[in-house]
Amino acid sequence: MSGELHFYEDLNRDKSRDFYNKVQKIKKFVNSSFKDIFATIKKHISMKNIYAFLSLLVTSFVLAQTTIYSENFGNPSSTTLLTAYTGYQNSSPITYSGTADVRTSTPSDYAGASGQGCVFIGAVTTSSGNPAKTLIISGINTTGYQDLTLSFGHQKGTNASSNELKVEVSSNGTDWTPLSYTRPTGSGTSVWLVVTPTGTIPATSNLSVRFTNPLDSNVGFRVDDIKLTGNQTLAVSNVKKQHFNIYPTVVSNGIICVTSANNQTKKINIYDSSAKLVISRGTDKEINVSQLPKGTYIINVEENGIVESKKFIVK
């Protein structure tokens, strides 16, 4: 029994030694690999390109998929015109207009649907002389976002392949750009489903989205759970030449000074660590951040098309 015990002790000791040796080999390989990588960079990349490369390395990025806007149209007690309804999730600066109405009949029922209220965009004939039914949402701020995506619940009152609901976006409320989408037709397709149209949605301080039921479509549409999402990217670089003088980086008196050679009015956006916009206003020399809780923030400054960002801490 004693000989067997010594055998297993020797075996475990050999295994431990073998494991240690393997770890040391891996460490040696990793260290030599990094040396080879940097030697290759130094040999094949010019100092100018190395500088550019390093400037990327020291740039901090905050990238967040963010819900910019959402609306489920509440729970109306009766069918109500858009302009008279008061049960929206959103208030000013978001506005709702158009000739459609909010109602509870045929509520949304897809996975995650809010149910209850939805917007009914009914059919209108040309011969009636009335305008097409519309839902227009305005005042959505998409500034500072990219990869903007719109989605919404969609229900069509017929199985047939009819004129689809038109979806358009605008940055000024005058010039409209269509988004495109498809949905199933044929037997059993007069149901609720989630639609994600494709097309370019602009980054603007006053985005409008318009839903229109074309004249003579001979079909009614319902929409619900409208949502707009986007990626917000903020870059903070400590390498590139600074156009603005932004100080202090550690704020204890509630004031950040922002100056430049032009000394004109600058647009200021301040974001918290989750990329949420917390302050947006204009200034020519300083901005009051005393209302912000302690933490780390990023300030974006824009003047005459020049944009710079800087990280600061509120103590």
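The rules we used
- Residue numbers run consecutively from 1 along every chain, following the written order of its sequence.
- Local features in this predicted model are restricted to residues whose pLDDT is 70 or higher, and side-chain atom pairs enter the listing and the counts only when it is 80 or higher, whereas totals over whole chains, interfaces and linings include all residues.
- Here the side-chain values reflect all heavy atoms present in the structure, with hydrogen atoms and water set aside.
- Buried Ala, Val, Leu, Ile, Met, Phe, Trp, Tyr and Cys residues form a nonpolar core when they are joined through side-chain atoms within 4.5 Å.
- Only protein chains enter the accessibility calculation, which uses a 1.4 Å probe; a residue whose area is less than 20% of its type maximum is buried, one above 50% is exposed, and one in between is partly exposed.
- Strands are runs of DSSP state E lasting at least 2 residues, helices are runs of H or I lasting at least 4, and numbering of each runs from the N terminus.
- Here, two residues are considered to be in contact whenever any of their heavy atoms come within 4.5 Å of each other.
- The term polar contact refers here to a pair of N or O atoms within 3.5 Å; inside protein, the definition further demands a hydrogen-donor-capable atom paired with an acceptor-capable atom, and it admits residues adjacent in sequence only when both atoms are side-chain atoms.
- When DSSP finds two or more bridges between two strands, those strands count as paired.
- A pair is scored as a salt bridge if a Lys or Arg side-chain nitrogen falls within 4 Å of a carboxyl oxygen belonging to Asp or Glu.

A. Broad picture of the nonpolar core. Grouped together as the largest cluster of nonpolar side chains are 34 residues, with contacts concentrated most on V119, L135, I137, L150, F211, V223 and I226. Listed by contribution, the elements that provide at least two residues to this core are β5 (118-121), β6 (134-140), β7 (145-156), β8 (166-170), β10 (192-195), β11 (207-212) and β12 (221-236). Beyond its immediate sequence surroundings of up to four residues, L135 is in contact with F73, L82, S97, V119, I121, V209, R210, F211, V223 and I226.

B. A look at the side chain of T204. Residue placement: T204 occurs in the loop between β10 and β11. For T204, the side chain forms a polar contact with the main-chain nitrogen of N206, separated by 3.4 Å. Apart from the residues lying within four places of it in its own chain, the contact partners of T204 are I140, N141, T142, T143 and S171.

C. How the structure looks around the environment of P131. Along the chain, P131 turns up in the loop between β5 and β6. For the pair P131 and L215, spaced 84 residues apart in sequence, the C-alpha to C-alpha distance is 7.8 Å. Once residues lying within four places of it in the same chain are set aside, the contact partners of P131 are V124 and L215.

D. View of the sheet that holds strand β20 (residues 306-314). A sheet is described by the order of its strands in space; here 5 strands give the open sequence β14-β20-β19-β16-β17, paired in mixed fashion. In this open sheet, the two strands that pair with only one neighbour each are β14 (250-251) and β17 (277-283). For β14 and β20, the ladder comprises 2 bridges, and the chain directions are parallel. Along β20, the bridge assignment pairs V251 with V314.

E. Local environment of the pattern of salt bridges. Overall, the coordinates contain 4 salt bridges when judged by the stated rule. The partner of R210 in a salt bridge is E168, with the nearest N and O atoms 2.9 Å apart. Residue R210 is found in strand β11, and its partner E168 is found in strand β8; the two are separated by 42 residues along the sequence.

F. Local environment of the pairing of β17. The pairing of strand β16 (residues 266-271) with β17 spans 6 bridges and is classified as antiparallel. When the bridges of β17 are listed, K267 appears paired with G282.

G. Representation of the pairing of β8. With respect to burial, β8 is a largely interior element, 4 of its 5 residues being buried. Relative to β11, β8 runs antiparallel, the two sharing 5 bridges. Residue pairing across strands places V169 opposite V209, the latter belonging to β11. Looking at chain direction, β8 and strand β9 (residues 177-179) are connected through 3 bridges and run antiparallel. The residue of β9 that forms the bridge with E168 is P178. The turn linking β8 back onto β9 is made up of 6 residues, and G173 within it adopts a positive phi angle of 75°.

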